[in-house]
Amino acid sequence: MAVDAMCSPLGPPACEKDAKALQFIEEMTRNADTVQEKVLGEILGRNAETEYLKLYNLDGATDRDSFKSKIPMVTYEDLQPIIQRIANGDKSPILSSQPISEFLTSSGTSAGERKLMPTIREELDRRQLLYSLLMPVMNLYMPGLDQGKGLYFLFVKSETKTPGGLMARPVLTSYYKSDHFKTRAFDPYNVYTSPNEAILCPDSFQSMYSQMLCGLYEREQVLRLGAIFASGLLRAIRFLQLNWHELAHDIRTGKLNAKISDSDIRRCMARVLRPDHQLADFIESECSKDNWERIITRIWPNTKYLEVIVTGAMAQYIPTLDYYSGGLPKVCTMYASSECYFGLNLNPMSKPSEVSYTIMPNMGYFEFLPHDPNSTSPNSATSDKLVDLVNVEVGKEYELVITTYAGLCRYRVGDILRVTGFHNSAPQFHFVRRKNVLLSIDSDKTDEAELQSAVDNASKLLNEFNTSVVEYTSYADTKTIPGHYVIYWELLVKDSANFPKDDLLEKCCLAMEESMNSVYRQGRVECNSIGPLEIRVVKNGTFEELMDYAISRGASINQYKVPRCVNFTPIMELLDSRVLSSHFSQSLPHWTPERRR
């Protein structure tokens, strides 16, 4: 089998099943352009009679030239009226000839709500195919994974129904609730400590508690530890810090905590629980120590690596992960979104800063819009600038544009990617960032306009004190678990005897949170993945000092703009040295699962 190009120094594929998977990767990436042409032809052919393609007079054509000359590049806002029709119950073939089976809710937001991404049933098969390629690649670099288990903290999130009766939920919730996941075949290389019942429990506390308990019971068998995002794994460690007393008690007595009321979990945990005084003593001994450095390898001593996303905004968590794990390798296996699954990491043991994903050309039709980070005209992008998958250039940055089997055509995903090389004829990309995202702690994405609006709304509360916000900036503080937004305010107080009181500034924090999008508020309220927002009031003149510092480093005084987000250590140290007072949101913002009107 032609898998030599895929082999690491560790040797050949682990088994025949892996060999077939690696062979498939080789065939797809060797013939990337041919596969892309076939994918586009299939999408256009099957969707030829849809309202959307007829709108642009494609007339049944399935070739690239016709597609490129007639179909425009679009954003979510362009498609929103069509998507809303589908959500409201229009079952005619609008985007796809196949019925829309559900909506996948994107963590990117539109007008404060999650985006609704239409999908069709067969996309589950396509996503499952990409999942099936991950362990065959991993096994090349890390032998013996069939000799133990993975402790993965996986969770479902809230789901709603649209007025037309279609489910709307995050892509991973859709996958975990599917038969592809629930009735998956046994694979010795991919065994989890967490039972399905724990993963599928909608109560985040009960789910985390039972998953952690199972992981502690099987601590010697755990060979890999992970969550979807780095922030999720750190949240699990924080959960252990807060709940180890109760967990150790359950292990000592063999009885499940009464807080766990979910009947499915109690039933499955009855098969796991057993009195184990020695393990309980060990947990109490390790967790009662003040020093939690290397706690992961202390409790799960055979862990070989952490499997978490640490690219993009998640890179901010790397130092904390290193502290808790003693520097274990951090593996990013795949690149995916609600709109489409894209590709996988063929060198999973690479450093986080060097992670590159190989686009699998069978997953959808991919085009790339050249991205100039210094461009002053972001709206000048046109379809004629799009580059095909195999024609991107190493070192250049692009915005990803996709055409999917579910009917998205030349859709701008908003991800900025840098080409790092090729595997055969398929390009490899480093994820640079989400376009226009200013702040992110978990799956939240706050852009500059949202932050400005939040500041504007909160500052209205200062009017009665004859006070206004002169300038502001922000950063995502990930030193706390969970992380939280920090907003620096410089205030103009016209009556020094009437300075805003602490309780008012705390209300300003909450007002900012109420102004944030629904993904942020869900993270605060339901998922507990984001901590209370903090406002730090700084001395008058602080932002002038910030400008002076930027100019001393070469910035032009004529072009200088106050950065709305900072992460450069000297600037943050300057800001923190000028802080007069800190204030936190004392209440949770309003959040309920979005009603789909």
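Only a predicted model underlies this, so the values are computations on that prediction, with no experimental measurement involved.

K.L.:
I keep staring at the pairing of strand β14 (residues 397-403) and nothing clicks. Help me out?
P.N.:
Extensive coverage of β14 is indicated by the burial of 7 of its 7 residues. Where strand β12 (residues 365-370) lies against β14, 6 bridges are found, and the strand directions are antiparallel. Note that in β14 the partner of Leu369 across the bridge is Glu399. Both β14 and strand β15 (residues 411-423) contribute to a ladder of 5 bridges, which runs antiparallel. What sits directly across from Tyr398, in β15, is Leu417.

K.L.:
Honestly, the packing of aromatic side chains in this entry has me stumped. Any pointers?
P.N.:
What describes a pair of aromatic rings is the distance from one ring centre to the other and the angle between the planes of the rings. Going through the model one piece at a time under the given rule, you end up with 21 aromatic pairs. Ring geometry for Tyr485 and Tyr520: centres 4.9 Å apart, planes at 50 degrees, overall tilted. Pair noted here: Tyr485 is in strand β20 (residues 484-493) and Tyr520 is in helix α18 (residues 518-525), with a separation of 35 residues, a long-range link. When its relative accessible area of 0% is taken as the criterion, Tyr485 is described as buried. Classification of Tyr520 as buried rests on a relative accessible area of 0%.

K.L.:
Sorry, what's going on with the sheet that holds strand β7 (residues 305-309) here?
P.N.:
Remark on secondary structure: sheet strands pair via backbone hydrogen bonds, oriented parallel or antiparallel. Ordered by their spatial adjacency, 4 strands build an open sheet running β3-β6-β7-β8, and the pairing between neighbours is parallel. The open sheet has two free edges, formed respectively by β3 (149-153) and β8 (330-331), since each of these has just one partner strand. Here β3 runs beside strand β6 (residues 222-229); their pairing, made up of 5 bridges, is parallel. When the bridges of β6 are listed, Lys149 appears paired with Val222. Helix α11 (residues 230-253) rests against β3, β6 and β7 of the sheet, and its axis sits at about 120 degrees to β6.

K.L.:
Is there a simple way to explain the pattern of salt bridges in this structure?
P.N.:
In a structure, side chains of opposite charge can pair up when their charged atoms sit close to one another. By the definition in use, this model includes 36 salt bridges. When the shortest N-O distance is used, the salt bridge between Glu284 and Arg252 registers 3.0 Å. A residue pair is termed long-range when its members are at least 10 positions apart, and Glu284 in helix α13 (residues 277-287) and Arg252 in helix α11 qualify at 32 residues. Overall, the relative accessible area of 29% leaves Glu284 in the partly exposed class. Each of Arg46, Glu122, Glu123 and Arg126 takes part in salt bridges that share partners, so that together they form one network.

K.L.:
Hey, could you run me through the packing of helix α19 (residues 542-552) against helix α20 (residues 569-577) in this one?
P.N.:
To describe two helices that pack against each other, one gives the angle between their axes and the distance between the axes. The geometry of α19 relative to α20 is characterised by a closest axis approach of 10 Å and an angle of 155 degrees between their N-to-C directions. Classed by the angle they form, the pair α19 and α20 counts as roughly antiparallel. Where α19 crosses over α20, the handedness of that crossing is right-handed. On α20, the residues touching Thr542, Glu545, Leu546 and Tyr549 of α19 are Pro570, Ile571, Leu574 and Leu575. Of the residues belonging to the contact of α19 with α20, the class tally is 6 nonpolar, 1 polar and 1 charged.

K.L.:
Help me out: how do you make sense of the packing of helix α1 (residues 16-30) against helix α6 (residues 123-141) in this one?
P.N.:
Running from N to C, α1 and α6 point in directions that differ by 110 degrees, and their axes come no closer than 9 Å. In terms of their interaxial angle, α1 and α6 are classed as roughly perpendicular. Between α1 and α6, the contacting residues are Asp18, Ala21, Leu22, Phe24 and Ile25 on the first element and Leu129, Ser132, Leu133, Met135, Pro136, Val137, Asn139 and Leu140 on the second. Among the residues making up the contact of α1 with α6, the classes are represented as 10 nonpolar, 2 polar and 1 charged.

K.L.:
Before we go on, may I ask you to explain the UniProt feature "domain: GH3 C-terminal" (unreviewed entry) in the protein chain in this structure?
P.N.:
Summarizing the sequence annotation, UniProt attributes the feature "domain: GH3 C-terminal" (unreviewed entry) to residues 450-568 in the numbering used throughout. With 36% helix and 22% strand, residues 450-568 has its two end C-alpha atoms placed 22 Å apart.

K.L.:
Sorry, what's going on with the nonpolar core here?
P.N.:
In summary, soluble globular proteins display a tendency toward joint burial of nonpolar side chains. Counting 165 residues, the largest nonpolar core has Leu240, Trp300, Phe366, Trp489 and Met512 as the members making the most contacts within it. The element contributing the most residues to this core is α11, with 11 residues. Membership of the second largest hydrophobic core comes to 14 residues, among which are Tyr488, Val538, Phe543 and Leu575.

K.L.:
Sorry, what's going on with α1 here?
P.N.:
For an α-helix, 3.6 residues make a turn, and residues three or four places apart therefore share a direction. In this model, α1 (15 residues) spans 21 Å end to end at C-alpha, consistent with the 21 Å of a helix rising 1.5 Å per residue. All of the buried residues in α1 are Asp18, Ala19, Ala21, Leu22, Gln23, Ile25, Glu26, Met28 and Thr29. Looking at the buried side of α1, the elements it contacts are α2 (32-46), α6, β10 (341-344), β11 (357-359), β15 and β16 (426-434).

K.L.:
How should I be thinking about α2 in this particular structure?
P.N.:
Between the first and last C-alpha of α2 there are 21 Å, a value that for 15 residues agrees with the 21 Å anticipated at 1.5 Å per step. The set of residues buried in α2 consists of Ala32, Val35, Gln36, Val39, Leu40, Ile43 and Leu44. Axial view of α2: buried residues confined to an arc of 160 degrees, hence all on one face. Pointing more than 90 degrees away from the buried face of α2 are the exposed residues Thr34 and Lys38.

K.L.:
What is the right way to look at the pairing of β20 in this model?
P.N.:
Of all 10 residues in β20, 8 are buried; the element is thus mostly enclosed. In the sheet, strand β19 (residues 467-477) pairs with β20 via 10 bridges, with the strands oriented antiparallel. Note that in β20 the partner of Thr473 across the bridge is Tyr488. Joining the antiparallel neighbours β19 and β20 is a turn of 6 residues.

Basis of the calculations
Residues numbered from 1 in each chain as written. Predicted model: local features only at pLDDT ≥ 70, side-chain atom pairs only at ≥ 80, totals over all residues. Heavy atoms only, no water. Buried < 20%, exposed > 50% of the residue type's maximum accessible area, 1.4 Å probe, protein only. Helix = DSSP H or I, 4+ residues; strand = E, 2+ residues; numbered from the N terminus. Pairing = 2+ DSSP bridges. Phe/Tyr/Trp six-rings, centres within 6.5 Å; stacked < 30°, edge-to-face > 60°. Contact = heavy atoms within 4.5 Å. Axes fitted to C-alpha atoms, helices over the stretch in contact; angles between N-to-C directions. Salt bridge = Lys/Arg side-chain N within 4 Å of Asp/Glu carboxyl O. Parallel < 35°, antiparallel > 145°, perpendicular 65-115°, else oblique. Left-handed = near helix turned anticlockwise from the far one by under 90°. Nonpolar A, V, L, I, M, F, W, Y, C, P; charged D, E, K, R; others polar. UniProt positions renumbered as here; feature names shortened; annotations may be inferred. Core = buried A, V, L, I, M, F, W, Y, C linked by side-chain atoms within 4.5 Å. Expected span 1.5 Å × (residues − 1). Arc of directions from axis to C-beta.

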